[in-house]
Every structure is written in C-alpha cells, then in structure tokens.
Amino acid sequence: MRSRRSIVPAGVLLWLIPQAAYAHGSLEGVGDFYAGLLHPVVVPAELLAIVASGLLIGRSGLSTCRRAIPTLAGAVAAGLVLASKVASVPDMTTPLTLVALVAAAVVTTGLRAPVWIAAWVASGLAMLAGLAVGLDAAPETNALFGALVSGIATLLGSTALITIVAALALRADKHWQRIAAQVAGSWITASAVLYLAHQLVTSTR
Amino acid sequence: MPSNKNRAVGAMIWLLAVSAAGSALAHAGADHGSGGFLSGFTHPLLGPDHVIAMVAVGLWGVFLGAPAIWVLPVVFPLVMALGGAFGMIEVPIPGVEIGIALSAVVLGLCVALALTPPLWVAAIIVGGFAICHGYAHGAEMPAASDAVSYALGFVIATGLLHLCGIAFGSLARWPAGKLAVRAAGVLIAVAGGAYLSGVV
C-alpha cells in the first residue's frame, strides 16, 4: 500500500513537470537539479539512445554491464565538460538517433556475437551515446553552481536509467521477456528509421 | 515488496509521464508543439482503416501461433517504417490507398477463415500491407516538428494495436471465444470492403 501511495504522487509529479518544458535543456520551475536529472528521460532522442544501449548492454551479459555502464557515465561527464568549453553545441538528435538505431537493430535481431565482440560493440555504443547525451544536455544556466548541479544530476539520471534498463535486460531469461526486449528494439529501430528518413527529406529540401 | 500490480501501475505512470513529456518538449524542431508524441500516437488511432488492419494482424498472429505471434509484431513496425521512409522520399508506389483498404479485407478474411499458411507466406502478405500503411503515414509525417517524438508515438500506437489484437485473439482458446474472434475477422473484412468500394 505504501508503495502505491508513493508511486501515484511521483507519477503525477512526473506528468506535470514536463508541461513547463519549452526550451532545450531547461525544465522551468523545477530547479537545476531536477532539470538535469530528468533531461535524459524527457528528451526523446536521449531516452531512445540510452534505452537501446541499455538493452544491448544487458543482453550482452554482466561483464559487459560492468564495463559499459561506467563507460557511458564517463562519456556523459566528458560530453558535459566538452559542451561547456565550446561556444555552440550542434544539435545531437541525429547522432543520438543513429546510436539508438544501431543498438536497437542488434537487439531486434536477437543475434549473439562472441562475448568479446559484443562487449566492445556495446561499450563503444555506450560511449557514443554518453558523449552525445552529455553534449545534448549541456546546462543552459549561466551560474557556475547551477550548471554544476544540473550536470551532476544529468550524469546521475543517465547512469541510473541505463543501469535500470540493462538490469531488466540482463534478467530477461524467460522467453516472453526476451521477446519483449526484441519488440522494444523493433519499435526503437522503426522510430529511428522514420526520424532519419524525415531528416534526410528535410535536409534535402 | 511491491506487488506485480503496483509495479505495473508504476510502469504505466512512467510511460504516461514520458508520453506527456514528448509533447511538451521543444527539442527537435524550430517550431514548438505542433508535432510530438501525442500527435504521432493519435495519428494511427484516428484512422479506422489503419486500426482495423493492425488489430487484424494481431488476431491473425494468434491463429498462426508461435513463432508468428511474436515475429509479426517485431517485423511489422520495421517494414512499416521502411514504407514510411519510402513515403517521405516519395518513392512511387501505385495503389497505396487500395492496398490499405485491401489489407483489411484480406487480413479480415484470414482471421475469419482461421487460415494458417506457412510463416513466409503470412510474412509476405503482412509485409506488403505494412509497406502500404507505412507509406501513407510517412508521406504525412514531414508536417511534424518534433519528429523523434512523433515517430515514437506512431510506432508505439501501432504496436499497441497489435497487442490489442493479440489480447482479443487469445480468447480463441475457448470455443465461444474462437467464434467471437472469427466474427471480428468478418467485421474487419466487411469494413475493409466498405472502404475498398468507397461506401465509407
């Protein structure tokens, strides 16, 4: 009962918070910490990249998780630092979607590569995803403390999200659970294909 | 320890929160709010011809059994996305609207007659119609501003329609339920015929 009581208010808060989001990276009215924490969840391209990478990492085994999750966290931190050093960060939606496409396509096929290949591929994609998330989630606040808080929160949020997804994929040992992971991979792949085709069309017109 | 029901409630709330965020964020486009998750999510749901065909795919999957019941929901969105890409880049495919209406007729009849062809035959039939449905919707997608959210909403809605079909089709394990599912197939075929003949 207690868990239900805590789930509902948390869900209502999550439902309401994004309504104030009108600009990239800043969730108005929630403070720097929550703006940074929720950024990987409320930005669709970041969410897709992290979920797809998490599914891939999880199904690649525990040893891959041990390597890839810290890799993603390090890459997010590197991306955030890099973003603070450059004048203007390019739109990272397409790179994020590309990472999501590749990771989700591998998950969808259900193919099992040798462990070392799977580990390198998953870690490489996690690094790219992390770097792109870090660059994409660069805090827009001018205050140093606020930017630091927001950046740390983004690091926490993205690491927590990929850990949760990877743990779910890692524990998916029943047949229907593996199918569910493949269906999720298929939906992410299809969404990424549609977006990239859309980008191709809009960039050539 | 939270029960499975609580976990399911939590998961649904989380999904809804993310869904709401899709429409609120102005991340991917220059103009805000005209695209987004809800726009993409409602798009297939507001087209009855699309709805009945997607549900029919799920219903037929139940009659086809494993592995088709899970291969079709995995493969269909991918083929449909390919069709969507064709629609966006304007690859000429004749008779798309006829193909959409025909999909309801054919898939409805497959359900009504409880046909169980080999998997590759079913995959070709469903894949061909997936191209038509994807093409039609893909051609309309460039109007959306937040393309990632739109695409995600569109794909999830289509997948959920499949799941609705599978859920309803699972009634077929009982004799009366099998009759109800086959009757639904007849209704879908009749509705498809109405679209095909221009009555609707």
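Residues numbered from 1 in each chain as written. Chains lettered and ligands numbered in written order. Predicted model: local features only at pLDDT ≥ 70, side-chain atom pairs only at ≥ 80, totals over all residues.

Looking at the packing of helix α5 (residues 96–112) of chain B against helix α8 (residues 175–197) of chain B
Residues and elements named next belong to chain B.
For step 1, the next point in the chain: Running from N to C, α5 and α8 cross one another at 160°; their axes reach a closest spacing of 7 Å. Classified by the angle their axes make, α5 and α8 are roughly antiparallel. For the element pair α5 and α8, the recorded crossing hand is left-handed. Seen from α5, the contacting residues are Ala101, Leu102, Ala104, Val105, Leu107, Gly108, Leu109, Val111 and Ala112; seen from α8, they are Val181, Arg182, Ala184, Gly185, Val186, Ile188, Ala189, Ala191, Gly192, Gly193, Tyr195 and Leu196.
For step 2, the next point in the chain: Its residues placed into classes, the contact of α5 with α8 shows 16 nonpolar, 4 polar and 1 charged. (Axes fitted to C-alpha atoms, helices over the stretch in contact; angles between N-to-C directions. Helix = DSSP H or I, 4+ residues; strand = E, 2+ residues; numbered from the N terminus. Parallel < 35°, antiparallel > 145°, perpendicular 65-115°, else oblique. Left-handed = near helix turned anticlockwise from the far one by under 90°. Contact = placed C-beta atoms within 7 Å. Nonpolar A, V, L, I, M, F, W, Y, C, P; charged D, E, K, R; others polar.)

As for the packing of helix α3 (residues 44–59) of chain A against helix α6 (residues 115–136) of chain A
All names here are of chain A.
For step 1, the next point in the chain: Look at α3 against α6: their axes get within 10 Å of each other, and the N-to-C directions meet at 160°. The angle between the axes of α3 and α6 places the two elements in the roughly antiparallel class. For α3 against α6, the interelement crossing comes out left-handed. Where α3 abuts α6, its residues Glu46, Ala49, Ile50, Ser53, Leu56 and Ile57 lie against Ala122, Leu125, Ala126, Ala129, Ala132, Val133 and Asp136.
For step 2, the next point in the chain: Split by residue class, the contact of α3 with α6 holds 10 nonpolar, 1 polar and 2 charged.

With respect to α5(B)
Residue and element names in this part refer to chain B.
For step 1, the next point in the chain: Look at α5: 24 Å from first C-alpha to last across 17 residues, which is about the 24 Å you get at 1.5 Å a residue.
For step 2, the next point in the chain: When we look at burial in α5, the residues that qualify are Ile100, Ala101, Ser103, Ala104, Val105, Val106, Leu107, Gly108, Cys110, Val111 and Ala112.
For step 3, the next point in the chain: Where the residues of α5 are buried, they touch α3 (48–64), α6 (119–140) and α8. (Expected span 1.5 Å × (residues − 1). Buried ≥ 20, exposed ≤ 12 C-beta atoms within 10 Å, placed from the backbone.)

Quick look at the confidence of the model for chain B
All names here are of chain B.
For step 1, the next point in the chain: With 80% of its residues at a pLDDT of 70 or more, chain B shows a mean pLDDT of 81.
For step 2, the next point in the chain: Scored below 50 in pLDDT, residues 15–34 shows 51 contacts in the model against residues more than four places distant or in partner chains.
For step 3, the next point in the chain: Under the prediction, the complex receives an ipTM of 0.78, its pTM being 0.81. (pLDDT = per-residue confidence, 0-100.)

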